[in-house]
Structure formats: structure tokens, C-alpha cells
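Understanding the architecture of this molecule
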Amino acid sequence: MRGRLLRRIGIGLLVLLAGAYGLHRLSGAECFQLVGEVHCRVDTDQKLVALTFDDGPIPPGVEMVLPILDAHGTKATFFLVGEAMQRNPGLARRMLEAGHELGNHSYTHKRLLLRMPSTYEQEVGATDALLRAEGVESPTLFRPPFGKRLLGLSLAVDNAGYRTIMWDVEEGVGLTDPREYADIILDGVQPGSIVLMHPMFGHREVISKALPLIIEGLEERGYTMVTVSELLAGGGVGDE
Ligand SMILES: [Zn+2]
């Protein structure tokens, strides 16, 4: 009798654990989500690639990355945090005026899981308003903080007219050697790829030296760097 009860409790715990693990995996899935549009890359034969930069804006990151992109005539997509935009007025507009695309990366950059619906709406809406105030006519690209989302955030993103943009190539976290950092990205890129980098905080130093290697390496391989919207528009079917 007692053995059976214990077995049932054991099975129950296993089911709970499996469920929690499943939700954890689902919340970070690059190419799938429960509702709304998500893109981790674009299906195309054309050698197009989108470079995307997350977080900030903060002055040292922007001062580092904009001149490199400008020197190579490269356009990129920046996913910005509303709070940082407010603390650093004018930076987003500079990026926009330099021809780059700006996306929404939430307002506080908190992990947006298991919260009230109003929290999701506020996180998306406040940064949406800031992007519009900086001159983005109709922002439609959202990247979840830490890449994490479940039903609630995805619903709010969809309701606000946004699509979720993830990635299929990402930097080697913690790398300090520019050649190594660049090669991991260059080896991962294929036609239609979306590349994730973090130039504002931890990887700023390595990116300052690796970004020229990445841009030149992609050009040598015949790639054209475009914004995420251009990639989505030019690459045919976008869902994968
Ligand atoms: Zn982020």
C-alpha cells in the first residue's frame, strides 16, 4: 500500500519535472513558439545575412560599433532596451540616421516569463512608444530578453503587431580572442542567417576587433549584409 503511494508520488514528480524541463526548453526555442510569428533565419539561396546587436544603447557600445559599420558600409539591426534608451537620449536616433534598423528588446530586460499580461503589454508598449518617438515609423521586430518567452509574452508581442526575431548563429560567449570570436560566426553563417552579438557590455572589447574580421570574412564569402526587415522581405518564406 505504502509502496504504491510512494511510486505514484515518484511518477507524479517525474511528470512535473519533465513538464518543467519541456517548458524550459520551449521558452528558449530559437525557431518555434506557441503563438505569433517567429523567425530564426530565412529560407533563401541568396547569400544574405543579417547582423543583429542586442541591448543598450549605451555610449561606449554605440561609439565602438557605429564607426566600424559605417567604414564598411554595413547596415545592421539593433534590438534596444527602453530603459537604456531613456537614460541615453539621442543614441537611438543616431543609429537610425546612420541607416540601421531598430527593434524592440523590452523595456526593463527582465526575464519575461510567468508574469501578469499587463506586464508583457507594458514591456512591449513602452519601448514601442520610445522607438516611435525616436523616429521609427512602425516598429515590428521584437527580440525577447534572454531569448525567453512563453504564451503570455508571445501573445502581447503578436497583439502589438510585432514578430519575434531570434537567431541561428550566435557569438561564442566569453571568448576574448577576436579571430576565434569571428571564426565561430563565419563558420556558422549560411544563406538567410540571423547573427546575434552583444557589443554593448561584456563582449565590447572583443567585438571591437572581431567585427571588421566578421564583415570582411562575410564579404570574401560573397555575402551581403542586410537588415532583418530586408532579409525577411527578400528571402522568400521566413518561417522555419
Ligand atoms: Zn538582451
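Residues numbered from 1 in each chain as written. Predicted model: local features only at pLDDT ≥ 70, side-chain atom pairs only at ≥ 80, totals over all residues. Heavy atoms only, no water.

1. Observations concerning empty space enclosed by the protein
Per the counting criterion, the structure on display carries one cavity of 30 Å³ or more. Counted as a void, the largest cavity has a volume near 30 Å³. In this structure, the largest cavity is lined by Leu26, Phe32, Gln33, Leu34, Arg149, Leu150 and Ser154. (1 Å grid on protein atoms, 1.4 Å probe; cavity = no way out; pocket = protein on both sides within 12 Å on 5 of 7 lines; lining within 4 Å. Points joined across faces, edges and corners; volume = space filled by probe spheres on them.)

2. A closer look at the domain arrangement of the chain
In many reports, interface size means the accessible area that the parts give up when they come together. If you check the domain split of the chain, you get domain 1 (1-30) and domain 2 (31-234). Centre-to-centre, using C-alpha coordinates, domain 1 lies 35 Å away from domain 2. Listed by partner, the interface residues are seven residues for domain 1 and 13 residues for domain 2. Between domain 1 and domain 2, the buried area comes to about 770 Å², and carbon and sulfur atoms account for 57% of it. Among the residues of domain 1 in contact with domain 2, Leu26, Ser27 and Glu30 are the three that bury the most area, contributing 74% of the side total. At the surface where domain 1 touches domain 2, the tally comes to zero salt bridges. (Domains from an automatic or database assignment. Contact = heavy atoms within 4.5 Å. Buried area = accessible area lost by both parts, 1.4 Å probe. Salt bridge = Lys/Arg side-chain N within 4 Å of Asp/Glu carboxyl O.)

3. Here's the deal with the coordination of the zinc ion
Taken together, Asp55 (OD), His105 (NE2) and His109 (NE2) make up the protein donors of the zinc ion, found 2.1 Å from the metal. Sequence spacing of the donor residues for the zinc ion, all on one chain, is D-x49-H-x3-H. With a gap of 54 residues between them, Asp55 in the loop between β2 (48-54) and α2 (59-72) and His109 in the loop between β4 (101-104) and α5 (117-134) connect regions that are remote in the sequence. (Donors = N, O, S within 2.8 Å, 3.2 Å for Na, K, Ca; no water. Helix = DSSP H or I, 4+ residues; strand = E, 2+ residues; numbered from the N terminus.)

4. A short note on the packing of α5 against helix α6 (residues 151-159)
Between α5 and α6, the shortest axis-to-axis distance is 9 Å and the interhelical angle comes to 45°. With respect to their mutual orientation, α5 and α6 come out oblique. The handedness of the crossing between α5 and α6 is right-handed. In this structure, α5 contributes Tyr120, Glu121 and Val124 to the contact, and α6 contributes Gly152, Leu153, Ala156 and Val157. When grouped by side-chain class, the residues that make up the contact of α5 with α6 number five nonpolar, one polar and one charged. (Axes fitted to C-alpha atoms, helices over the stretch in contact; angles between N-to-C directions. Parallel < 35°, antiparallel > 145°, perpendicular 65-115°, else oblique. Left-handed = near helix turned anticlockwise from the far one by under 90°. Nonpolar A, V, L, I, M, F, W, Y, C, P; charged D, E, K, R; others polar.)

5. Some points on the packing of α2 against helix α8 (residues 204-220)
Here α2 crosses α8 at 20°, and the two axes come no closer than 10 Å. One finds that α2 runs roughly parallel with respect to α8. In the crossing of α2 with α8, the sense of the turn from one axis to the other is right-handed. For the pair formed by α2 and α8, the contact residues are Pro60, Gly61, Met64, Val65, Ile68, Leu69 and His72 on the first element and Arg204, Ile207, Ser208, Leu211, Pro212, Ile215, Glu216 and Glu219 on the second. Of the residues assigned to the contact of α2 with α8, the class counts are nine nonpolar, three polar and three charged.

6. Some thoughts on the pairing of β2
Where burial is concerned, most of β2 is hidden: seven out of the seven residues are buried. Across the two faces of β2 the burial is the same, with Leu48, Ala50, Thr52 and Asp54 and Val49, Leu51 and Phe53 all buried. Where β2 meets strand β8 (residues 193-197), five bridges bridge the pair, whose relative direction is parallel. Paired with Phe53 across the strands is Met197, a residue of β8. Pairing of β2 with strand β3 (residues 77-80) involves three bridges; the strand directions are parallel. Directly across from Phe53, in β3, lies its bridge partner Phe78. The handedness of the β2 to β3 crossover, carried by α2, is right-handed. (Buried < 20%, exposed > 50% of the residue type's maximum accessible area, 1.4 Å probe, protein only. Pairing = 2+ DSSP bridges. Right-handed = clockwise from strand over helix to strand, strands pointing away.)

7. Let's talk about a nonpolar patch on the surface
A cluster of nonpolar side chains, Leu5, Leu6, Ile9, Leu13 and Leu16, forms an exposed patch at the surface whose accessible area comes to about 530 Å². Turning to its location among the elements, Leu16 is positioned in helix α1 (residues 2-27). (Patch = residues over 30% accessible without salt bridge, like charges linked within 9 Å, V, L, I, M, F, W, Y side chains within 5 Å. Areas by Shrake-Rupley, 256 points an atom, 1.4 Å probe, with all protein chains shown as cover.)

8. What to know about unusual backbone geometry
Generally, phi is negative for residues other than glycine and the peptide bonds are trans, each holding for most cases. Residues Gly56 and Pro57 are joined by a peptide bond in cis, for which omega reads 15°. With respect to the helices, strands and loops of the structure, Pro57 is situated in the loop between β2 and α2. For Ser106, which is not glycine, the phi dihedral falls at a positive 80°. Checked against the element boundaries, Ser106 lands in the loop between β4 and α5. With a relative accessible area of 0%, Ser106 lands in the buried category.

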